[in-house]
Amino acid sequence: MSEVILEVRDLVKHFPIRQGVLFKRVIGQIKAVDGVSLDLHKGETLGIVGESGCGKSTLAKLLMNLEKPTSGEVRYQGRDVLRLNPADQRRLRRNIQLVMQDPYTSLNPRMTVGDIVGEPFDIHPDVAPKRDRRRKVQELLDVVGLNPEHINRYPHQFSGGQRQRIGIARALALKPEVIVCDEPVSALDVSIQAQVMNLLDQLQNEFNLSYIFIAHDLSVVRHIADRVGVMYLGKMVEVGTDDDIYVRPTHPYTQALLSAVPVPDPTVRQHKAVIRLEGDVPSPANPPSGCRFRTRCWKAQEICATEPPLLQIRPTSGHPSACHFAQEKDVVHAG
Amino acid sequence: MSSPEVATPTAEAAPMPVTPAVVEPAPRKDKPRSLWTDAWYELRRKPLFVISAILITLFVLMAAVPQLFTSADPLAADLNRSLTPPDFGAWFQFGKQGQFGFDLQGADIYARTIYGARASILVGLSAVIGNMLLGGFFGILSGYLGGWTDTLLARFGDIFLGLPFVLGALVILSTFAPVQSNPSAFRITSLVILTFIALGWPSFARIMRAAVLSTKQLDYVHAAQALGARPGRVIFRHVLPNAIAPMVVVGTITLGAYIGAEATLSFLGVGLRQPVVSWGIMIGDSRQYMEAAPYMMAFPAAFLAIAVLSFVMLGDAVRDALDPKLR
Amino acid sequence: MSDIKVKTAPVLGVDGRSAGHLLEIENLHVEFRTRDGVAKVINGVSYHVDAGETLAVLGESGSGKSVTAQTIMGILDTPPGFVTNGSIRFRGKDLLTMGKDERRLVRGEGIAMVFQDALSALNPVFTVGFQIAELFRKRRGMSRADGYKRATELLDLVKIPAAKTRLKDYPHQFSGGMRQRVMIAMALALDPEVLIADEPTTALDVTVQAQIMDLLAEIRRDRNMGMILITHDLGVVADVADRIAVMYAGRIVEQADVHALYGKPCHPYTLALLDSLPRLDLKGQELNTIKGLPPNLLRIPSGCAFHPRCRMARDICSTQRPALLELGGVRSSACHFAEELYGRE
């Protein structure tokens, strides 16, 4: 496998819950991200899946340094991002960029497309001399499949898919090596989703980009990711290649998640192995002891309440899985 | 013109006209544009803006060089002319006085109305601008920084907000310019303006704070931060343009209220006073003669209303022009 | 065609006016009169649903699928929305010509609706129990105590744990999935014969979505209700629908039994939509895209509205609008080449 470009070690983010008017007391902690480690290799796409509240969006913010982690490390090319001086940090930001979920709120409505895509050059003036900027912006628009003539339009004059392309153009401006995509297609219509996913694919090949692709839609992740991590309540529960996760999942949560995804094929509905989870995800402010999934798990035993399972390769799981009773089971192709 | 969303290898080559998502504006000169140039382009085409701009120019001119509009002395009183009704014939004769009639003291109401623009507009405009700057500054500070700064500023502002406006103004003004005293025009005018700012900034700060709070958590602000933008850039490029609208609206409405409040204070004897001439003083003076001499009140009140309306219209037009979605 | 027997409604008679359907929408036209012009949102939609069956109305944003539902429920915002033509017959009576009071009675008792966003559909300042009990008090003249008793039963029915104590909770105290259950309970309160579910699980996580879809299917079966499921999710549709109507630019472009539709789509739009879907069980498939953008409803393309994005488009497509052609059984497709597509292997 190619070199590791981004390393995350034991990343933790707890948000304090405060109460009080003048003197706010801390009455608890929301454990949004609770000890996540991952490696991103050059040129690969690492998918992160999980349901709402699992901490995947907080993880994106931490990677982008938009939130300060409670503890842990993010290393880019071996250097700890969080311990750099501000000037180095800014320089480093060029190499890690972000594409956001909502194409309607991620673009400033009062800026023209030219200003939006050109803003990275304003912030990092040494990247492109001023007279070249307009041409560069138009090139970027062209790369993402937009009409370069539309440089003077405002975001609201574009459709959702086109806006997402503007966001991608902005992320590409500084020629980054890593792009963190936080649910980049989930707000789009089906027919537009495919266009944007193909664009991301094509850009990856063209610029040798590495993606961290965060999504709740498992089908989308399957399509685009080389490796996949599954998160539940702030923890990574299973990591592996896409076949490891989709064909040979060993964690019960992954299996339940996969079996819940509706397959667009009515012939499988009769003989699909369906695992229905009971209840909702517990609150991240007060996660269950031991294994966090045990309250909804059909395999739970006493050990699950007392001993948090480590994310590791097990005799019954060829790839890292955080379950005491990890067991391979193909729920997608069953039948 | 098409907005092709076809950068896909599988899409067939045949170029098809694609309907754009929205009705397009007529293409303009192809040079880089910004929000401000676009807003200015937009404004010049709005009758609402043009009318209010002309009126405001007129009032500002009146305030700056009243001699352009009248040759009479607003302070010259002749009791022989006391409460003479308006002479409509004089409207069309150059150099004649009494177009709007004469007040109790026999001073020319037209001249006083013209000269009154200076104090009224100066007080209203300065107080509002001062409030916007001070309140806006503290509002951005507490909204953007949050935490302790926010709590401290909010509590500090509450002290001023808790004070009833007239009572607060009475206390401040009677301390620095007692009823019997005779302060200079400059001193009393700036005192009144400062009083309005001292009592008004917390409400402006609150409006700004709320707008900043809701803008700050929008994705495009995070996007700018992710690009490495410094706080100054984030505030002035992203937060401020999207958070300023509510304050502009409240500001234009408050402008009228301040011109009225100035009149109240004059009536109570602590606000503007002789030798200053203002619409507020004139309206205050006229109240006992409403039936006998309605023109004493009617003319300055009409000027006041038109001035306030112009500023409100201007505020509306500017706010709309700064919102690309409304174009 | 698939060999699996699916319960389907009686086919329209030759005169097109079979009286047998529970709810029947015919030739519905709705337009939105906006500042920028008239947007033709629905342009002649006809569909029907019978007791015990699930009709899925599939479409992307702007296809008119939700507006149709709002029109059926009589909650279309007027202005800007206006019904310009068509009829909506419930048990043979046209809802559009009915008096206001009569129509109000149909709402809730005849046809009920579940919305996408449960948090904004429930009143935040009243407890859930109060809101359901009020419904019984107002519409059924029950005492408050009886209303609460029925509310408990309903929450039990939608499998909310500890129903009795949760009645005293406010909507925001429920999780997303539980809130959706509360809304389903409210929709069921007056025993409707038709339930319209407008994107009921779009805002929910997959594991919770599966629970809710199961619940809806179970309730439909037990009560022999007719259900109209409005969604953009081709996966959800395949799981629960009996029949499917695919909408594009305010028209139905294809209508078929679920197995037939997925087995052999007979409209290029349906075909392309299925081709553009990433699938859980297939890796590395080429995602075929639909070029271009959904149409601007202020200026719907001439002829077939899909022609600028269609791979099969020929000259005729931009000049002549294809009618919804019956292809046998409950199948129909609005494409000039429908028969060609139907006949292919």
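Residues numbered from 1 in each chain as written. Chains lettered and ligands numbered in written order. Predicted model: local features only at pLDDT ≥ 70, side-chain atom pairs only at ≥ 80, totals over all residues.

*Asks:* Now, about the overall build of chain C: what can you tell me, with residues and values included?
*Replies:* When helices and strands are counted, chain C shows 13 helices and twelve strands. For chain C, the spread of C-alpha atoms along the three principal axes comes to 65 × 50 × 40 Å. When the 345 residues of chain C are sorted by exposure, 51% land in the buried category. (Helix = DSSP H or I, 4+ residues; strand = E, 2+ residues; numbered from the N terminus. Buried ≥ 20, exposed ≤ 12 C-beta atoms within 10 Å, placed from the backbone.)

*Asks:* Now, about the overall build of chain A: what can you tell me, with residues and values included?
*Replies:* A tally of helices and strands in chain A yields ten helices and twelve strands. The C-alpha atoms of chain A give a radius of gyration of 21 Å, which matches the 20 Å a tight globule of 335 residues would have. Taken along the three principal axes of its C-alpha coordinates, chain A extends 65 × 60 × 45 Å. Counting only residues that meet the buried cut, chain A has 53% of its 335 residues in that class. Sequence-distant contacts in chain A: of pairs separated by 6 or more residues, those separated by 24 or more amount to 65%. (Rg over C-alpha atoms; globule rule 2.2 N^0.38 Å. Contact = placed C-beta atoms within 7 Å.)

*Asks:* Residue-level account of the sheet that holds strand E8 (residues 226-231) of chain C, with values.
*Replies:* All names here are of chain C. One open sheet holds the eight strands; their spatial order is E6-E7-E8-E3-E9-E10-E12-E11, and the pairing between them is mixed. Of all strands in the sheet, those with a lone pairing partner are strand E6 (111-114) and strand E11 (325-326), marking the two edges. By the bridge criterion, four bridges tie strand E3 (residues 54-58) to strand E9 (residues 243-248) in an arrangement that is parallel. Across the sheet, Val 57 pairs through a bridge with Ala 245, a residue of E9. Helix-sheet contacts for helix H7 (residues 176-188) involve E6 and strand E7 (194-198), and the interaxial angle to E6 is about 175°. (Pairing = 2+ DSSP bridges. Axes fitted to C-alpha atoms, helices over the stretch in contact; angles between N-to-C directions.)

*Asks:* Please provide a residue-by-residue account of the interface of chain C and chain A, values included.
*Replies:* Size of an interface, as often reported, equals the accessible area lost when the parts are brought together. The interface is formed by 38 residues belonging to chain C together with 35 residues belonging to chain A. Counting only elements with at least two residues in the side of chain C that touches chain A, the list comes to H7, helix H8 (206-223), helix H9 (234-240), helix H10 (258-263) and helix H11 (268-275) of chain C.

*Asks:* Which residues make up the sheet that holds strand E4 (residues 71-76) of chain A, and what are the values?
*Replies:* Residue and element names in this part refer to chain A. The sheet built from four strands is open, its strands ordered E2-E1-E4-E5 with antiparallel pairing. Of all strands in the sheet, those bounded by a partner on one side alone are strand E2 (25-41) and strand E5 (79-80). Taken together, the two bridges between E4 and E5 define a ladder with antiparallel strand orientation. From the neighbouring strand, Tyr 76 faces E5, where its bridge partner is Arg 79. Relative to the sheet, helix H1 (residues 56-63) contacts strand E1 (4-19), E2 and E4, its axis offset from that of E2 by approximately 70°.

*Asks:* Outline the pairing of strand E6 (residues 96-99) of chain A, supporting the account with residue identities and numerical values.
*Replies:* Residue and element names in this part refer to chain A. Residues Ile 96 and Leu 98 of E6 are buried on one face, and the alternating residues Gln 97 and Val 99, pointing to the opposite face, are buried as well. Alignment of E6 against strand E7 (residues 178-182), held across four bridges, turns out to be parallel. Residue Gln 97 lies in a different strand from E7, and its bridge partner there is Ile 179.

*Asks:* So what's going on with the nonpolar core? Which residues, and what values?
*Replies:* Counting 281 residues, the largest nonpolar core has Ile212(A), Phe213(A), Ala185(C), Ile196(C), Ile228(C) and Ile244(C) as the members making the most contacts within it. Ranked by residue count, the leading element in this core is helix H3 (residues 109-145) of chain B, at 16 residues. (Core = buried A, V, L, I, M, F, W, Y, C linked by C-beta atoms within 7 Å.)

*Asks:* Talk me through the environment of Phe138(B); I want residue IDs and the actual numbers.
*Replies:* Residue and element names in this part refer to chain B. By the secondary structure assignment, Phe 138 is in helix H3. Taking the C-alpha atoms as reference, Phe 138 lies 8.9 Å from Asp 150; in sequence the two are twelve residues apart. For Phe 138, the contacting residues outside a window of four places in its chain are Leu 153, Trp 201 and Ala 205.

*Asks:* Summarise helix H6 (residues 185-216) of chain B; cite the residues concerned and give the values.
*Replies:* Taking 1.5 Å of rise per residue, 32 residues should cover 46 Å, and H6(B) covers 44 Å from first to last C-alpha, within 8% of that figure. Along H6(B), the helix axis deviates most sharply at Gly200(B), where the bend reaches about 45°; the proline Pro202(B) sits within four residues downstream. (Expected span 1.5 Å × (residues − 1). Bend = angle between axes of the 7 residues up to and from the residue.)

*Asks:* Just give me the short version of helix H7 (residues 219-226) of chain B, but keep the residues and values in it.
*Replies:* Within H7(B), eight of the eight residues are buried, which leaves it mostly tucked inside the rest of the structure. At its buried positions, H7(B) is contacted by E6 and helix H3 (113-123) of chain A together with H6 and helix H8 (231-243) of chain B. Positive backbone phi, at 100°, marks Gly228(B), one or two positions downstream of H7(B).

*Asks:* Any chance you could break down the confidence of the model for chain C for me, citing the residues and the numbers?
*Replies:* Residue and element names in this part refer to chain C. Per-residue pLDDT for chain C averages 83, and the proportion of residues at 70 or more is 93%. Between residues 1-18, whose pLDDT stays under 50, and residues either more than four places distant or in other chains, the model counts 26 contacts. At the level of chain-chain contacts, confidence expressed as ipTM amounts to 0.83, with global pTM at 0.80. (pLDDT = per-residue confidence, 0-100.)

*Asks:* For the packing of H3(B) against helix H9 (residues 245-268) of chain B, give the residues involved together with the corresponding values.
*Replies:* Residues and elements named next belong to chain B. It is the contact of H3 with H9, at a shortest axis distance of 8 Å, that shows an interaxial angle of 140°. Taken together, the axes of H3 and H9 are oblique relative to one another. As for how H3 packs across H9, the hand of that crossing is right-handed. Listed contacts from H9 to Ser 120, Val 123, Gly 124, Leu 125, Ala 127, Val 128, Met 132 and Gly 136 of H3 are Met 247, Gly 251, Thr 254, Leu 255, Tyr 258, Ile 259 and Glu 262. Split by residue class, the contact of H3 with H9 holds nine nonpolar, five polar and one charged. (Parallel < 35°, antiparallel > 145°, perpendicular 65-115°, else oblique. Left-handed = near helix turned anticlockwise from the far one by under 90°. Nonpolar A, V, L, I, M, F, W, Y, C, P; charged D, E, K, R; others polar.)

*Asks:* Which residues make up the packing of H3(B) against helix H11 (residues 295-321) of chain B, and what values do they have?
*Replies:* Residue and element names in this part refer to chain B. Where H3 meets H11, the closest approach of the two axes is 10 Å, and the angle between their N-to-C directions is 40°. The angle between the axes of H3 and H11 places the two elements in the oblique class. Considering only the axes of H3 and H11, their crossing is right-handed. Here H3 contributes Ile 109, Thr 113, Gly 116, Ala 117, Ser 120 and Ile 121 to the contact with H11, which in turn contributes Tyr 295, Met 296, Phe 299, Pro 300, Phe 303, Leu 304 and Ala 307. For the contact of H3 with H11, the class distribution of residues is ten nonpolar, three polar and no charged.

*Asks:* Could you give an account of the environment of Lys159(C), with specific residues and numbers?
*Replies:* Residues and elements named next belong to chain C. You can see Lys 159 is positioned in the loop between helix H5 (144-157) and helix H6 (163-166). Taking the C-alpha atoms as reference, Lys 159 lies 9.6 Å from Val 182; in sequence the two are 23 residues apart. Residues contacting Lys 159, with those up to four places away along its chain left out, are Arg 181 and Leu 215.

*Asks:* Hey, could you go over unusual backbone geometry for me, with residue numbers and the actual values?
*Replies:* Residue and element names in this part refer to chain A. Backbone geometry at Glu 183 places phi at a positive 50°, although glycine is not the residue there. Along the polypeptide, Glu 183 turns up in the loop between E7 and helix H6 (190-207). Look at Glu 183 and you get partly exposed, because 19 C-beta atoms sit within 10 Å. Here the phi dihedral of Asn 208 falls at roughly 50°; this positive angle occurs in a residue that is not glycine. With respect to the helices and strands, the residue Asn 208 is situated in the loop between H6 and strand E8 (210-215).

*Asks:* Mind laying out the environment of Val171(B), listing which residues take part and the relevant values?
*Replies:* Within the secondary structure, Val171(B) sits in helix H5 (residues 165-176). We classify Val171(B) as partly exposed; it has 13 C-beta atoms within 10 Å.

*Asks:* An account of the pairing of strand E9 (residues 227-232) of chain A is needed here, citing residue identities and associated values.
*Replies:* Residues and elements named next belong to chain A. With six of six residues buried, E9 lies mostly within the body of the structure. The side-chain alternation of E9 yields two buried faces, one formed by Arg 227, Gly 229 and Met 231 and the other by Val 228, Val 230 and Tyr 232. Relative to E9, strand E3 (residues 45-49) runs parallel, the two being bridged by four bridges. Counterpart to Gly 47 in the pairing with E9 is Val 228. Direction of pairing for E9 relative to strand E10 (residues 235-241): antiparallel, over a ladder of six bridges. By the bridge assignment for E10, Tyr 232 is matched with Lys 235. Where E9 folds back onto E10 in an antiparallel hairpin, the turn is made up of two residues, including Leu 233, whose phi is positive at roughly 45°.

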